[in-house]
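Here's the letter readout for the chains.
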Amino acid sequence: MGYRNLSPQAMVNISGPWLDPEQDRRVFTSLPLLAPLVPAVQEAHDRIRTTQRLGSSLQQQTKALMERAIALDATHDRKLRGAYNYLGALAEMSDDPAFAAALLDLRDRLAPSGLKAISRSYGDQAGDAKLLRSRLDEASEKLLKKLKTPEGPLAQVVDAWVAAALELEKVEAQREQLALSAPSNTDGATPREVLSARNAWIRVVRAVETNLALEKAATGEIAERLLGRLRRESARADRRGRKGAADGAAEPTEPAPVEDAALPAGDDDDSFDGA
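What you see is a predicted model, and the numbers here were worked out from it, not measured in a lab. (Residues numbered from 1 in each chain as written. Predicted model: local features only at pLDDT ≥ 70, side-chain atom pairs only at ≥ 80, totals over all residues. Heavy atoms only, no water.)

**What about the overall build of the protein chain?**
Thinking step 1. Looking only at helices and strands, one finds 10 helices and 2 strands in the protein chain.
Thinking step 2. Across the protein chain, helices and strands are ordered from the amino to the carboxyl terminus as α-α-α-α-α-α-α-β-β-α-α-α.
Thinking step 3. Relative to its full complement of 275 residues, the protein chain shows a buried share of 48%.
Thinking step 4. Considering only intrachain contacts with a sequence separation of at least 6, the fraction spanning at least 24 residues in the protein chain is 77%.
Thinking step 5. In the form shown here, the protein chain has an accessible surface area of approximately 13,500 Å², with 53% of it arising from carbon and sulfur atoms. (Helix = DSSP H or I, 4+ residues; strand = E, 2+ residues; numbered from the N terminus. Buried < 20%, exposed > 50% of the residue type's maximum accessible area, 1.4 Å probe, protein only. Contact = heavy atoms within 4.5 Å. Areas by Shrake-Rupley, 256 points an atom, 1.4 Å probe, with all protein chains shown as cover.)

**Some thoughts on helix H5 (residues 97-110)**
Thinking step 1. Taking 1.5 Å as the rise per residue, H5 with 14 residues should run 20 Å; its terminal C-alpha atoms sit 20 Å apart, in good agreement.
Thinking step 2. Buried within H5 we find Ala100, Leu103, Leu106, Arg107 and Leu110. What you see down the axis of H5 is that its buried residues fit within an arc of 125 degrees, all on one side. For H5, exposure combined with an orientation more than 90 degrees from the buried face picks out Pro97 and Ala98.
Thinking step 3. Two or three places before Ala98, at the start of H5, stands the capping residue Asp96, its side-chain oxygen 3.0 Å from that residue's backbone nitrogen. (Expected span 1.5 Å × (residues − 1). Arc of directions from axis to C-beta. Polar contact = N/O pair within 3.5 Å; in protein donor to acceptor, adjacent residues only side chain to side chain.)

**Considerations on the side chain of His76**
Thinking step 1. Topologically, His76 is positioned in helix H4 (residues 56-93).
Thinking step 2. By relative accessible area, which is 3% here, His76 ends up buried.
Thinking step 3. If near-sequence neighbours (up to four positions away) are discounted, His76 is found in contact with Ala117, Gln125, Trp161, Ala164 and Ala165.

**What about the nonpolar core?**
Thinking step 1. Of all hydrophobic cores here, the largest spans 30 residues; its most connected members are Trp18, Phe28, Trp201, Val208 and Leu226.
Thinking step 2. Contributing elements (two or more residues each) for this core: helix H1 (8-19), helix H2 (25-30), helix H3 (38-50), helix H9 (191-214) and helix H10 (220-247).
Thinking step 3. Leaving out residues up to four positions away in the same chain, Trp201 has contacts with Leu6, Met11, Ile14, Ser15, Ala44, His45, Ile48 and Leu230.
Thinking step 4. In this structure, Leu110, Ile118, Leu144 and Leu154 belong to the second largest nonpolar core, which totals 26 residues. (Core = buried A, V, L, I, M, F, W, Y, C linked by side-chain atoms within 4.5 Å.)

**A few points about the packing of H1 against H9**
For any two helices packed against each other, the geometry is given by the interaxial angle and the distance between the axes.
Thinking step 1. The geometry of H1 relative to H9 is characterised by a closest axis approach of 12 Å and an angle of 40 degrees between their N-to-C directions. Judged by the angle between their axes, H1 and H9 are oblique. Read as a crossing pair, H1 and H9 show a hand that is left-handed. Listed contacts from H9 to Pro8, Met11, Ile14, Ser15 and Trp18 of H1 are Arg198, Trp201, Ile202, Val205 and Val208. (Axes fitted to C-alpha atoms, helices over the stretch in contact; angles between N-to-C directions. Parallel < 35°, antiparallel > 145°, perpendicular 65-115°, else oblique. Left-handed = near helix turned anticlockwise from the far one by under 90°.)

**Digging into the packing of H1 against H3**
Thinking step 1. One way to put it is that H1 packs onto H3 with a least axis distance of 10 Å and a crossing angle of 150 degrees. With respect to H3, the axis of H1 lies roughly antiparallel. Between H1 and H3 lies a crossing whose hand is left-handed. Contact residues: H1 offers Pro8, Met11, Val12, Ser15, Gly16, Trp18 and Leu19, while H3 offers Val38, Val41, Gln42, His45, Ile48 and Arg49.
Thinking step 2. The residue inventory of the contact of H1 with H3, partitioned by class, reads 8 nonpolar, 4 polar and 1 charged. (Nonpolar A, V, L, I, M, F, W, Y, C, P; charged D, E, K, R; others polar.)

**Here we look at the confidence of the model for the protein chain**
Thinking step 1. Of all residues in the protein chain, 81% attain a pLDDT of 70 or more, and the chain-wide mean is 83.
Thinking step 2. Every residue in residues 248-275 is under pLDDT 50, and counting partners more than four places away or in other chains gives 109 contacts. (pLDDT = per-residue confidence, 0-100.)

**Examining the side chain of Ser15**
Thinking step 1. Within the secondary structure, Ser15 is located in helix H1.
Thinking step 2. The contacts of Ser15, once residues within four sequence positions are left out, are Val41, His45 and Trp201.

**Focus on the environment of Leu143**
Thinking step 1. By the element assignment, Leu143 lies in helix H7 (residues 138-146).
Thinking step 2. According to the relative accessible area criterion, Leu143 is buried, its value standing at 11%.
Thinking step 3. In this structure, Leu143 is in contact with Phe99, Ala102, Leu103 and Leu106, ignoring residues within four places of it in sequence.

**Points about the pattern of salt bridges**
Thinking step 1. With the rule as written, the count across this model stands at 13 salt bridges.
Thinking step 2. Across the pair Arg109 and Asp137 runs a salt bridge, and its minimum N-O distance is 3.0 Å. Here Arg109 is found in helix H5, whereas its partner Asp137 is found in the loop between helix H6 (122-131) and H7, with 28 residues between them in sequence.
Thinking step 3. Accessibility expressed as a relative area gives 31% for Asp137, which makes it partly exposed.
Thinking step 4. Here Arg133 ties to Asp159 by a salt bridge, and the two come within 2.7 Å at their closest N and O atoms. Of this pair, Arg133 sits in the loop between H6 and H7 while Asp159 is found in helix H8 (residues 154-181), placing the two residues 26 residues apart along the sequence.
Thinking step 5. On the accessibility criterion, Arg133 (37% relative accessible area) is partly exposed. (Salt bridge = Lys/Arg side-chain N within 4 Å of Asp/Glu carboxyl O.)

Structure, rendered in structure tokens:
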């Protein structure tokens, strides 16, 4: 599950109880693999709280680019996931082993990493889109054009996810430029500082998840108590992001998508976010 659609408010509502003695702090610190993470959780939590105020003009520019990125990413993920599952389903239904093999071969050429492709960074998605055609041979190209969906040839579905990934790369470049050119000011943090805070929070949460999975003393009840809110908020935010992209005019209400940051990475990720 990704956390790119979580709002700052949801983030502090998730990590806040871990730090609150009246809520989950005692449970959190009672687990040997989680207790050492308390300072990191506190720092990440505090950074989210203190990096949310942006000047109104900068905030509006950031918000518009962010909403565009959410819509494009949702289109990319939906089309890729649909095409991948469609080819797999056709292969399952076919009684012709050769045709089934051709379907699976096309599926794997389109998405060599499978559905993991939808959780990759925006930059990786764009790079993969640029390489897609080079992975197709004459037979797979013909099959791609031959297969039909309710929306038309499967080739159109693939073209749609490629176009979304390439446009997303342009939007990310604009957001990156905005982050680089925005000076710190009395109104609050720059977009880059907001991004850094969000990525730090995600890394800490990933560490909590990983350590809790390794914690022998963590029962199912404890795991649900500590991670239940995280899972519910993430699922809710993802649904809102997908619904906003599908509805077109319905804008996502959570103003903060960001690429999931890997645990060993530094403070900066290759995506950019606004508050």
